[in-house]
There are 2 protein chains.
Amino acid sequence: MGIERMKRLEEQIRRCGEVRDGQVLKVDCFLNHQIDVLFMEEMAKEFHRLFEETHPTKVLTIEASGIPIAVLTAQTFGIPLVFAKKTESLNLDQETYVAEVYSYTRQKPYHIKVSKKYLNPQDRVLIIDDFLARGSASSGLMNLVSQSGATLSGVGVVIEKSFQSGGAELRQAGVNLHSLAMVASMSPETGVVFAPNPDDESKN
Amino acid sequence: MGIERMKRLEEQIRRCGEVRDGQVLKVDCFLNHQIDVLFMEEMAKEFHRLFEETHPTKVLTIEASGIPIAVLTAQTFGIPLVFAKKTESLNLDQETYVAEVYSYTRQKPYHIKVSKKYLNPQDRVLIIDDFLARGSASSGLMNLVSQSGATLSGVGVVIEKSFQSGGAELRQAGVNLHSLAMVASMSPETGVVFAPNPDDESKN
């Protein structure tokens, strides 16, 4: 079941992913602009299967393109979603947790914030995002979870660029990370090449 | 059924909506920051009931806070969601439809864009958003639909500020508009006062 879903995801990425210069992968046809909601539901069920045993109480993501898969994942667990907001200004008030994220696309840092009301020490937080590359966004979200005193239940991403360092670093740090597709390499000429997924073994 | 859902929505808005200066209503506890996914599902079912007869083929919204309710509404219909992206730069290329939206909060215009791939003349487009006030965002989205040659199936918003002009203008223009809650007035002192919903009659 797990493997079948992953294979369909890889097919979809091959079919309509566009590799741009600067190691940018655009998957606008079902993930980042148009959302194939029924297909995303299948991905959300896969996250449910992978993280069920961690009993998350909240899903956390960043606006905007992480929101669809995060909503559908929260739905499978019947728990709320919190999305961190991007903010240019570093307005350190008493009401929000703030972390810095570096945007490699824009080559500058930005801040993300979550109201203190919506993350608390009793929470077990499942971070869900569309992409994992160098891991700056995931680290920022984990920083927010840490500030709140909540427990990190895990990190789930739809597409990991495993030729970049983010995933390896998180696994090394002991984070419960699952990626639904692992891109080993990509270029405008050769397209996308997938790596074997470390989750595959447990699915036979 | 419809009325019951609306009443629960009004209660939720009263319970945790925060009225800020400048006619800003923050509903962070279930709509704009933390998403009560199970409650939003109920709202999505209500949109399904209200727009079922228009047979939409796509849901359209704007990033970011319109996305959760739009995803769940698209799910009830089993159709894709497209979210328009906000952009500072007016990069008029051949591949996107672009429209201008005025932000009253920031007191400046911005642009929204949708790839031409994801809206086409065969589509019947249901616009879903979290708020309707002066109607600038809805008009921008309707403009994108119009450029694409698609048919507008309707506009559904969770909260309409009926003391502002957007809703009245859309109805006058013959748009098939449904709002799940109608705010007649609000202030930091008195809180939120609701208007009778024009949809209520059909629900008795």
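Here is what the cut-offs are and how they apply
Residues numbered from 1 in each chain as written. Chains lettered and ligands numbered in written order. Predicted model: local features only at pLDDT ≥ 70, side-chain atom pairs only at ≥ 80, totals over all residues. Heavy atoms only, no water. Helix = DSSP H or I, 4+ residues; strand = E, 2+ residues; numbered from the N terminus. Core = buried A, V, L, I, M, F, W, Y, C linked by side-chain atoms within 4.5 Å. Buried < 20%, exposed > 50% of the residue type's maximum accessible area, 1.4 Å probe, protein only. Contact = heavy atoms within 4.5 Å. Least-squares fit on C-alpha atoms with pLDDT ≥ 70 in both. Pairing = 2+ DSSP bridges. Right-handed = clockwise from strand over helix to strand, strands pointing away. Buried area = accessible area lost by both parts, 1.4 Å probe. Salt bridge = Lys/Arg side-chain N within 4 Å of Asp/Glu carboxyl O. Polar contact = N/O pair within 3.5 Å; in protein donor to acceptor, adjacent residues only side chain to side chain. Nonpolar A, V, L, I, M, F, W, Y, C, P; charged D, E, K, R; others polar.

As for the environment of Phe77(A)
Now for step 1: Position of Phe77(A) relative to the elements: it lies in helix α4 (residues 67-77).
Now for step 2: Separated by 67 residues in the primary sequence, Phe77(A) and Leu144(A) place their C-alpha atoms 21 Å from one another.

Remarks on the nonpolar core
Now for step 1: Among the nonpolar cores identified, the biggest contains 132 residues, and Leu25(A), Phe30(A), Leu25(B) and Phe30(B) are the most heavily contacted of them.
Now for step 2: Once you skip the residues sitting within four places of it in the chain, Phe30(A) turns out to touch Leu9(A), Gln12(A), Ile13(A), Cys16(A), Ile35(A), Asp36(A), Phe39(A) and Met40(A).

So, the relation of the copies chain B and chain A
Now for step 1: Each copy superposes on the other: chain B lies on chain A with an RMSD of 0.0 Å after a rotation of 180° and an axial shift of 0.0 Å. Overall, the copies show the geometry of a two-fold rotation axis. Closest approach to the rotation axis within chain B is made by the C-alpha atom of Ala64(B), at a distance of 2.6 Å.

Looking at the environment of Gln164(B)
All names here are of chain B.
Now for step 1: Within the secondary structure layout, Gln164 lies in the loop between β9 (151-161) and α6 (166-172).
Now for step 2: Distance in space between the C-alpha atoms of Gln164 and Gln23 is 9.8 Å, their sequence separation being 141 residues.
Now for step 3: Setting aside residues up to four positions removed in sequence, Gln164 forms contacts with Gln23, Ala133 and Arg134.

Details of the pairing of β9(B)
All names here are of chain B.
Now for step 1: Of all 11 residues making up β9, 9 are buried, and the element is well covered by its neighbours.
Now for step 2: Judged from the 8 bridges that link them, strand β8 (residues 124-132) and β9 form a sheet pairing that is parallel. Across the sheet, Arg124 pairs through a bridge with Thr151, a residue of β9.
Now for step 3: Traced from β8 through helix α5 (residues 136-148) to β9, the parallel crossover comes out right-handed.

Things to note about the interface of chain B and chain A
Where the parts come together, the accessible area they lose is often given as the size of the interface.
Now for step 1: The interface of chain B with chain A comprises 32 residues on the first partner and 32 residues on the second.
Now for step 2: Between chain B and chain A lies a buried interface of about 2,600 Å² when both sides are counted; carbon and sulfur atoms form 61% of it.
Now for step 3: Broken down residue by residue, the surface that chain B buries against chain A is led by His33(B), Gln34(B) and Tyr118(B), which jointly contribute 25%.
Now for step 4: Along the contact surface separating chain B from chain A lie 2 salt bridges.
Now for step 5: Between Glu18(A) and Lys117(B) there is a salt bridge, and its shortest N-O distance comes to 2.8 Å.
Now for step 6: Our enumeration of links across chain B and chain A arrives at 16 residue pairs in polar contact (both at pLDDT 80 or more).
Now for step 7: Counting residues per element, the ones that place at least two in the side of chain B that touches chain A are α2 (28-32), β3 (34-35), α3 (37-51), α4 (67-77), β5 (81-87) and β7 (108-115) of chain B.
Now for step 8: Here the element with the most residues in the side of chain B that touches chain A is α4(B); it accounts for 6 residues.
Now for step 9: Its residues placed into classes, the side of chain B that touches chain A shows 17 nonpolar, 7 polar and 8 charged.

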